Amino acid sequence: MTEQVVLDVRNLGLELSLESGGVPVVSGVTFSVPAGQILGVVGESGSGKSLTALSIGRMLPRAATVVSGSIHFQGRDMLEMPDAEVAALRGAELGMVFQDPLAFLNPLMTVGQQIREVLVLHGMPKDKAEVRAVELLELVGVRDPEKRKDDYPHTFSGGMRQRVMIAIAVANNPALLLADEPTSALDVTVQEGILRLLARLRSELGMALVLITHDMSLVEEICDSVMVMYAGRVVEQGSVRDVIREPRHPYTRELMRSTPRLDRPTRERLPAIAGKPPDVTSRPDGCRFHPRCPLTMDRCRTDEPALVDRGTDTPHHAACWAAAEPLPASTPPTPGSSRTSQTGSEGTPILDVQDVYVSYQRKARLWRQPDERPVVEGVSLRAHSGRALGLVGESGCGKSTLARTIVGLLSPSSGRISIDGLQWTHASREERNRLRRTVQLVFQDPYLSLNPRQTVRQILTEPLVVHGLASRERRQSRVGDLISHVGLPVSLLDRYPYQLSGGQRQRVGIARALAVEPQLIVADEPVSALDVSVQAQIINLLADLRDELDLGYVVIAHDLSVVRHLCDEVAVMRAGKIVEHGPTSEIFSAPQHPYTLSLLAASPGSPWARPEPAIDAVDEVTE
Amino acid sequence: MSTTAFTGAESVDGGGQAPVVPRSRGRYWRAVRSPRGAIGLALVAFVILVSVIGPFLLSYGPFEQGPNSLQQPGSDHLMGTDEVGRDLLARVLAGTRVDLIITLVAVPVAAVIGTLLGLVAVVSRVADAVVQRMFDVLIGVPAVILGIGVAIAIAPGMESVMIAIALVTMPIFGRQARGALLGQLSLDYVAAAEVLGYPRRRIMMRHILPNIVDVIFVRFAVEMAHAIMIEGGLSVVGLGIQSPQPSLGSMIKDGSSYLFETPLYALAPIFVVLLLVVGYFMVSDALNQAVLRT
């Protein structure tokens, strides 16, 4: 290959110093990025992908150090370079974009000032920088840049802030842009825009891009090559075409299979990867994926496989003993996966939401008129036992507010919510207790929804005690039932939440909700805070519980593909209103509302044409 | 938690940021074992031990007057005598005991009352507003002025100093508790408890309170040091512990008149105050590290 290599990393090893001593976190990472190419680095938490990226700009946290290997950026050795020179590179030839733009933008400086600062610091005269700042805002698609440059970061939306951060990163025409999860905090349609912007900048400015993500479908969409990391090791590496079409490592394949996608049948049981990604301190011997791998052989437990080229014509590396031959085609779907049999059943109605309005009120203060901000405007819904209703919308559309209103944490300003014939608003004390037992909430963030001071046993016992659901003697056996119902071993009962992984915590949260034997469960983004390989497990668990216990679900998600696997009906919500509502298959096969269509188009694996043409056809902003 | 270095960088796929700090039963033990915590605790323990055991080893009581005033340190009086011939060492130890008793009564009382008043914030808006304005007033008045007020209202002495210290530190605990409480209220585990139909008082006492005691403990150590200094301040204006009862503050005040004749008269109590204040601050710092940040 003759392209100029911008970044060349060889055999990189990183170590993390913990109380117990140095622990290797990343080892043997080798890759290079030619100019104008996009490399995707994929991995879950603890894979070391972010540390790898940070080490390129010599921005590792203090606890981490490079212990082996080399990093050459434009032919220069980054590890030998004096600090001052590295600092001069950052923001000039090396641009960086992070996940949370608000944390990286200075709240006391206007965005214009922040862009000018990076230009002036790298040697541009002030008056020129002024003009260039406006150009850059325009380049990244901020409307009305002349005016917006004098605004402060908090006045921009999440997506726009990310664009501003990209403008700062590319201000000095960098040779390489490092983007660490640049879209993970954003809505799907916004994510789409940012990705397109990055791809466009790549072709316009000819820069190389390293995109770090946990999402295989992003890689599929815009990357040229991909590197899959697991527990500090590269497990597979090659061109996107090769890796996606013919993954050689079981982890890559399982990861792709367990991701909910639009091009799979609805209500299909997701093939889940068992277990969870290992901690830095407890990585298994041999191949690090072997405890979770369907193809484990004896050898995998003891010997660590090297990264070997298995490509036919283009390089395609995989670190797997079983990868000598192409992997067997996906295993047939597990029996019992077709739940379509019962989609015909209607179930008994359990939740009836009629024309509900919810608004947040601000009290009058000295110089402020009292005002009311409507969040949910006239929503009507029904949910049935044994069936799942998906409620989909982007952040700020009011879906979480609606969820909290249904479970009685908020009260509607008008409209009627009746659950099993009872209403929060006119409930006697006794009826409220019954309502509490009828409907339960499963939260998005399993880290915040469990009391950190209680053991799992205490968490699960308390609802039984408060509602008098089991006699003293029967309580412990009931707690044991609950925890095994959600697929956790009884041995976890005496742990504190911080001793559990994200997926385990979410299971405890579900068990806690089941403790009061509810008929309806409202799940607010139940999987969006979890690792990709764990999401499928939780989705399957929710589906199993629904069928077993004849539960009704309201599943809230920003992501259509999650809802597709779990729900019988879907309601699409936008700006406080339901814009489309129907059976899942209809919504996905024949969406009526343009907003539904744009959500669908922005989802991974979408068969829908994007409303706007291809990536390189520059959108409205460059004119 | 061993992967803390990761959580910042990989928060989304790592399961969301976790502002809820891992808490184990051993967290106080960890504070004690850290160098800072161990030294701080040792300093405080040393002062307490010496002030309790010391008197049994001395041949003079703190109130016994001898023939020689302002005597230099010697084999008879290890630190010399004061202006009426009392043994200085015995008086420093007695003064230390007085200070310890005052602070160990006043500060815990203030902590409990202050915390409970802070928790009123969730009970009712009106009660919260009343309590907060009361705190504003207490915080607004300087400690010494407050002490003067109390001393005038009831006779100056141990009780008035205790009340003054309690009044000064109570709103600090109240504010701290209220802030921590409001922070916890927005967390999902509280919403979960509500959805599960737990009674409000149970949520408050069983769920929220245990999650804010750490903050109160850290503050407690700081306020112990603060209280020692308040006692000193009140003594300097003559409204602290009244003669002949010694206290660290009153000895510093009396001794400062004889700084050149018998420097230990003032310096010894100053040194004890220093040991206690530094000790308490180190303990609070270690607690803060081990318990709140991790």
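Because the structure is a prediction, the values reported are computed rather than measured. Note on numbering: residues in each chain are counted from 1, in written sequence order. A letter from A marks each chain and a number from 1 marks each ligand, given out in the order of writing. With pLDDT at 70 or above as the cut-off, local features in this predicted model cover only qualifying residues; side-chain atom pairs require 80 or more to be listed or tallied, and sums for whole chains, interfaces and linings still use all residues.

What follows concerns the overall build of chain A. Helix and strand counts for chain A stand at 21 helices and 22 strands. Over its C-alpha trace chain A gives a radius of gyration of 26 Å, about what one expects of a compact globule, namely 25 Å for 623 residues. Here the C-alpha coordinates of chain A stretch approximately 75 × 70 × 50 Å along the principal axes. For helices the rule is a DSSP run of H or I covering at least 4 residues; for strands it is a run of E covering at least 2, with both sets numbered from the N terminus onward. Between the two quantities, the radius of gyration covers C-alpha atoms and the globule rule is 2.2 Å times the number of residues to the power 0.38.

The helix and strand tally for chain B stands at eleven helices and zero strands. The order of helices and strands in chain B, counted from the N terminus, is α-α-α-α-α-α-α-α-α-α-α. When the backbone C-alpha atoms are referred to their principal axes, chain B occupies close to 75 × 45 × 30 Å. Counts of 20 or more other C-beta atoms within 10 Å of a residue's own C-beta define buried residues, counts of 12 or fewer define exposed ones, and intermediate counts define partly exposed ones; C-beta atoms are placed from the backbone. Sorting the 294 residues of chain B into buried and exposed places 46% on the buried side.

Turning to the nonpolar core, a few remarks are in order. If you look at the biggest cluster of nonpolar residues, it comprises 159 residues, and the most contacted ones within it are I406, V522, V554 and V555 of chain A together with I165 of chain B. Residues are scored as being in contact if the C-beta atoms we place from backbone atoms lie within 7 Å. For I406 of chain A, the contacting residues outside a window of four places in its chain are L351, V353, I417, V439, V522 and V554 of chain A. We define the nonpolar core as any set of buried residues of the types Ala, Val, Leu, Ile, Met, Phe, Trp, Tyr and Cys, connected via C-beta atoms lying within 7 Å of each other. The next biggest cluster of nonpolar side chains, apart from the first, holds 93 residues, and it includes V33, L51, V164 and L177 of chain A.

All names here are of chain B. Fitted lines through C-alpha atoms serve as axes, helices being fitted only where they are in contact, and the angles separating the N-to-C directions of these axes extend from 0 to 180 degrees. Direction vectors running N to C along helix α4 (residues 88-123) and helix α5 (residues 125-140) enclose 145°, while the axes themselves pass 6 Å from each other. Regarding α4 and α5, the two cross each other, and that crossing is left-handed. Two secondary-structure elements touch here, α4 through L117, V120, A121 and V123 and α5 through A127, D128 and V131. Partitioned by chemical class, the residues of the contact of α4 with α5 number six nonpolar, no polar and one charged. Here a crossing is taken to be left-handed if its near helix is turned anticlockwise relative to the far helix by less than a right angle, and right-handed if that turn runs clockwise. Throughout, the ten residues Ala, Val, Leu, Ile, Met, Phe, Trp, Tyr, Cys and Pro are labelled nonpolar, Asp, Glu, Lys and Arg are labelled charged, and all others, Gly among them, are labelled polar.

Moving on, we come to the confidence of the model for chain A. As a general rule, the predicted coordinates of low-pLDDT regions are not to be interpreted in detail. All names here are of chain A. Model confidence for chain A is summarised by a mean pLDDT of 84, while 91% of its residues fall at 70 or above. In this model, residues 330-344 is a region of pLDDT below 50 whose contacts with residues beyond four sequence positions or in other chains number eleven contacts. Considering only residues more than four positions removed or in separate chains, one finds that residues 611-623, a stretch of pLDDT under 50, has twelve contacts. As a per-residue quantity, pLDDT reports the predictor's confidence and falls between 0 and 100.

A separate point is the UniProt feature "domain: ABC transporter" (unreviewed entry) in chain A. UniProt positions are given in the numbering used here, feature names are shortened, and annotations may be inferred rather than shown by experiment. In this numbering, the UniProt entry assigns the feature "domain: ABC transporter" (unreviewed entry) to residues 9-256 and 351-600 of chain A. In residues 9-256 of chain A, helix accounts for 40% and strand for 28%; the two terminal C-alpha atoms are 26 Å from one another.

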